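Descriptive structure summary
So the chains spell out like this:
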Amino acid sequence: MNIHRVRSVFISDVHLGTRACQAERLLGFLRAYPAEYLYLVGDIVDFWAMRRDVRWTAAQNTVVQKILRRARHGEQVIFIPGNHDEALREYTGIRFGDIRLEREWVHTTAEGKRYLVLHGDEFDQVTRYHRWLAVLGDVGYTWLVHANGWLSWLRRKLGIAGYWSLAGYAKRKVKAAVSFVGDFEGSVARAVRERGLDGVICGHIHVAALRDIEGIRYVNCGDWVDSCTAIVEHHDGRLELIHWSSSEAETLDPEGLAEQLLLQQRMQSRRTAA
Ligand SMILES: [Mn+2]
């Protein structure tokens, strides 16, 4: 595996405690990118989901251990809680061992550019004014994923081509989501311009980005439940968006490769046995 030493790493929306959390992939990414600053930009632990059902794996434990270890070894770790770990917001301004908990933070890059680092849910009209709706949406999404699989199983079983599919429904949802993302990005950028900063690094909407919006650098870390994306700052101050799942994740990680080979071997021996 290639090791890329960078100045800073920014990750958000890991959602530890849920089945969707891509903890193994995140471990691979963290191993590949040691840094001086590690920013945890909210929704790292999903306390909302854990109220319904806790999915805590060994890999998720290792994620926590690795982060604590990095902090102990001198990496500056700054944790900015999001809305799914908002219980921790009561403790902002406090240091927990080597980890610093903050409501928001201004990060100055090696080039001297100033970025506001925050989770971003304060700019999401849905979670801000209709909390119950956001929780409902969360439950609804989980249900949709289950229903999708169940529906296609039923259709196969009955041998009927579906007239109504979830695809159409999802398409309509996507249309609404596109305008939602646009509204969110625009209002974050506006707020940052008012504060006289160069840019913003946030999370929350699970849509990674690195671009200019009306003269403001808008940066979003994405997530580790689906897209497996992160932002890194190189030593010259240049920011880069990393798509982990599509790059070295599967190809260069020796542990993952060994695991895959073992699995293939086992499947082969099972085939020959049968
Ligand atoms: Mn969030």
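Residues numbered from 1 in each chain as written. Predicted model: local features only at pLDDT ≥ 70, side-chain atom pairs only at ≥ 80, totals over all residues.

Some remarks on the overall build of the protein
Helix and strand content of the protein: eight helices and 12 strands. Within the protein, the proportion of its 274 residues that are buried is 31%. The long-range share in the protein, meaning contacts at least 24 apart out of those at least 6 apart in sequence, stands at 69%. (Helix = DSSP H or I, 4+ residues; strand = E, 2+ residues; numbered from the N terminus. Buried ≥ 20, exposed ≤ 12 C-beta atoms within 10 Å, placed from the backbone. Contact = placed C-beta atoms within 7 Å.)

Considering unusual backbone geometry
Phi at E214 is positive, roughly 45 degrees, even though this residue is not glycine. The topology assignment puts E214 in the loop between β9 (209-213) and β10 (216-220). Residue class for E214 comes out exposed when judged on the 9 C-beta atoms lying within 10 Å of it. Located in the positive-phi region is C228, a residue other than glycine, with phi close to 55 degrees. Tracing the backbone through its elements, the reader meets C228 in the loop between β10 and β11 (229-233). Note on C228: 22 C-beta atoms within 10 Å, which makes it buried.

Thoughts on helix α3 (residues 58-72)
When the terminal C-alpha atoms of α3 are compared, their 21 Å separation across 15 residues agrees well with the 21 Å that a helix rising 1.5 Å per residue should span. Three or more residues of α3 are buried, namely Q60, V63, I67 and A71. One side of α3 carries all its buried residues, which in axial view fall inside an arc of 65 degrees. Opposite the buried face of α3, at more than 90 degrees from it, the exposed residues are A58, N61, Q65, R69 and R72. (Expected span 1.5 Å × (residues − 1). Arc of directions from axis to C-beta.)

Some thoughts on the sheet that holds β9
Strand order in the open sheet made by the five strands is β6-β7-β8-β10-β9, with mixed pairing throughout. Every interior strand has two partners, whereas the edge strands, β6 (105-108) and β9, have only one. In this sheet, adjacent strand axes meet at a mean angle of 25 degrees when their direction is disregarded. Relative to β10, β9 runs antiparallel, the two sharing five bridges. Pairing of D212 across the sheet is with R217, part of β10. (Pairing = 2+ DSSP bridges. Axes fitted to C-alpha atoms, helices over the stretch in contact; angles between N-to-C directions.)

Some points on the sheet that holds β11
Strand pairing in a sheet takes place through backbone hydrogen bonds and is either antiparallel or parallel in direction. Taken in spatial order, the seven strands of this open sheet run β4-β5-β3-β2-β1-β11-β12, and their pairing is mixed. The open sheet has two free edges, formed respectively by β4 (95-96) and β12 (239-243), since each of these has just one partner strand. In the sheet, strand β2 (residues 37-40) pairs with strand β3 (residues 76-79) via four bridges, with the strands oriented parallel. Residue pairing in the sheet places L38 in a bridge with V77 of β3.

The analysis is restricted to geometry; functional conclusions fall outside its scope.
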